[in-house]
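Listed below, chain by chain, are the residues.
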Amino acid sequence: MKCTPHYIRCIKPNETKRPRDWEESRVKHQVEYLGLRENIRVRRAGYAYRRVFKKFLHRYAILTRETWPSWRGDEKQGVVHLMKSVNMDPDQYQLGRTKVFIKAPESLFLLEEMRERRYDGYARVIQKAWRKHVAVRKYIQMREEASNIVLNKKERRRNSINRNFMGDYIGLESHPELRRFVGRRERVDFAETVVKYDRRFKTVKRDLILTPKFLYLIGREKVKQGPEKGLIKEVLKRQIEVERIQSLSLR
């Protein structure tokens, strides 16, 4: 932004590549083709850029919501709106009857840079939406392929894959000795027999029951006294409040 760029236009005076060899017709053609006379007139007038209102609005309409995709109203007022939206100093441009005149090339570069940023931002939004669309399609395809793998290879497929979640893998309704540890009106979200490792890395089976309020761990011990001495009975090992559980890990 601290630079003041300018351009140098080269003219080839001859085809012989010799010094002081000047082909006047060839030089005139290049001067007319490059538009050097028009550029000199513009620079003398003090404005390096001029463009019809309609074309100017069409090129820089993306800079504001009011002008995109099209400006509804007077074209001259639309140009004024664009200039104010980019905070361009009033002394950097002038409005004629049909054209807008911009004085410094830096002001034009500012408009071009802002335009490129807007296009880049919209391109990123389109890319994000397209990647999401591709990812969803790929997920659906993978899910269908996974379903086809077990198609006609698993019994009760309709009742197992697409069924509602049933967390009671123990069958507490047929095990009242386990159900008695849970409240009568307490809903059981999950129940399964798990393996617990003690300090000596020995495995012990536990019945894990999860409700909205508590986590129950039920084990079995041999009765040492009383008329039921020697029998194996269910014993509540732990009862943990769900709110006190901070983290879980699966291995």
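Scoring rules and cut-offs
By convention here, each chain's residues receive numbers from 1 onward along its written sequence. Local features are withheld for residues below a pLDDT of 70 in this predicted model, meaning they are given only at 70 or higher, and side-chain atom pairs are given and counted only at 80 or more; totals for whole chains, interfaces and linings count all residues. Side-chain measures here rest on the full set of heavy atoms in the structure, leaving out hydrogens and waters. Two strands qualify as a pair provided that DSSP identifies no fewer than 2 bridges between them. Strands are runs of DSSP state E lasting at least two residues, helices are runs of H or I lasting at least four, and both sets are numbered from the N terminus onward. Note on geometry: axes are lines fitted to C-alpha atoms, helical ones only across the stretch in contact, with angles between N-to-C directions running from 0 to 180 degrees. Contact definition: two residues touch when any of their heavy atoms are within 4.5 Å. Here a Phe, Tyr or Trp ring, Trp counted by its six-membered ring, pairs with any other such ring whose centre lies within 6.5 Å, and the pair is stacked when the planes are under 30 degrees apart, edge-to-face when over 60, and tilted otherwise. Using a 1.4 Å probe on the protein chains alone, a residue whose accessible area is under 20% of its type maximum counts as buried, one over 50% counts as exposed, and one in between counts as partly exposed. Within 3.5 Å is the distance limit for a polar contact, defined as a pair of N or O atoms, with the added protein rule that one can donate a hydrogen and the other accept it, and that residues adjacent in sequence qualify only through two side-chain atoms. These descriptions rest on fixed angle ranges, namely under 35 degrees for roughly parallel, over 145 for roughly antiparallel, 65 to 115 for roughly perpendicular, and the rest for oblique.

Enquirer: What exactly am I supposed to notice about the sheet that holds strand β1 (residues 49–52) here?
Expert: Each strand in a sheet pairs with its neighbour through backbone hydrogen bonds, running either in the same direction (parallel) or in the opposite one (antiparallel). On the basis of which strands lie adjacent, the open sheet formed by 3 strands has the order β1-β3-β2 and antiparallel pairing. Because the sheet does not close on itself, it has two edges, and the strands there are β1 and β2 (93–95). Strand after strand, the sheet turns through a mean of 15 degrees between neighbouring axes, direction not considered. Summarising the sheet, β2 and strand β3 (residues 99–102) pair through 3 bridges and their orientation is antiparallel. Along β3, the bridge assignment pairs leucine 95 with valine 100. Each of β1, β2 and β3 is contacted by helix α3 (residues 53–60), which is oriented at about 95 degrees to β1, the strand it contacts most.

Enquirer: Would you explain the sheet that holds strand β4 (residues 190–197) in this entry?
Expert: With antiparallel pairing, 4 strands are arranged side by side in an open sheet as β4-β5-β6-β7. Of all strands in the sheet, those with a lone pairing partner are β4 and β7 (232–241), marking the two edges. The sheet shows a mean angle of 30 degrees between the axes of neighbouring strands, direction not considered. Sheet topology places strand β5 (residues 203–210) next to strand β6 (residues 214–222); 4 bridges connect them, and they run antiparallel. Considered in β6, the bridge of leucine 210 is made with leucine 215.

Enquirer: So what exactly am I meant to see when it comes to the packing of aromatic side chains here?
Expert: Aromatic ring pairs are defined here through the distance separating the ring centres and the angle between the ring planes. In this structure the tally under the stated criterion is 3 aromatic pairs. Taken together, a centroid distance of 5.9 Å and an interplanar angle of 65 degrees make the contact between tyrosine 169 and phenylalanine 190 edge-to-face. Of the two residues, tyrosine 169 is situated in the loop between α6 (157–160) and α7 (176–179) and phenylalanine 190 in strand β4; the sequence distance between them amounts to 21 residues. Tyrosine 169 sits in the partly exposed class, given a relative accessible area of 45%. Ring centres 6.0 Å apart and planes at 50 degrees place the aromatic pair phenylalanine 214 and tyrosine 216 in the tilted group. A residue is classified by how much of its surface remains accessible, and tyrosine 216, at 2% relative accessible area, is buried.

Enquirer: Teacher, can you tell me more about helix α4 (residues 75–85) here?
Expert: For an α-helix, the turn length of 3.6 residues means that residues three or four places apart are oriented alike. The complete set of buried residues in α4 reads Gly78, Val79, Val80, Leu82 and Met83. Here α4 starts with a cap whose side-chain oxygen sits 3.3 Å from the backbone nitrogen of lysine 76, and that cap is aspartate 74. Downstream of α4 by a residue or two, asparagine 87 has a phi angle that is positive, lying close to 60 degrees.

Enquirer: Would you explain the packing of α3 against helix α5 (residues 105–149) in this entry?
Expert: For any two helices packed against each other, one specifies the inter-axial angle together with the distance between the axes. One can describe the packing of α3 onto α5 by two numbers: an axis separation of 10 Å at closest approach and a directional angle of 40 degrees. It follows that α3 is oblique to α5 by the angle criterion. Each of Phe56, Arg59 and Tyr60 in α3 lies in contact with α5, whose residues at this interface are Leu108, Leu111, Glu112 and Arg115.

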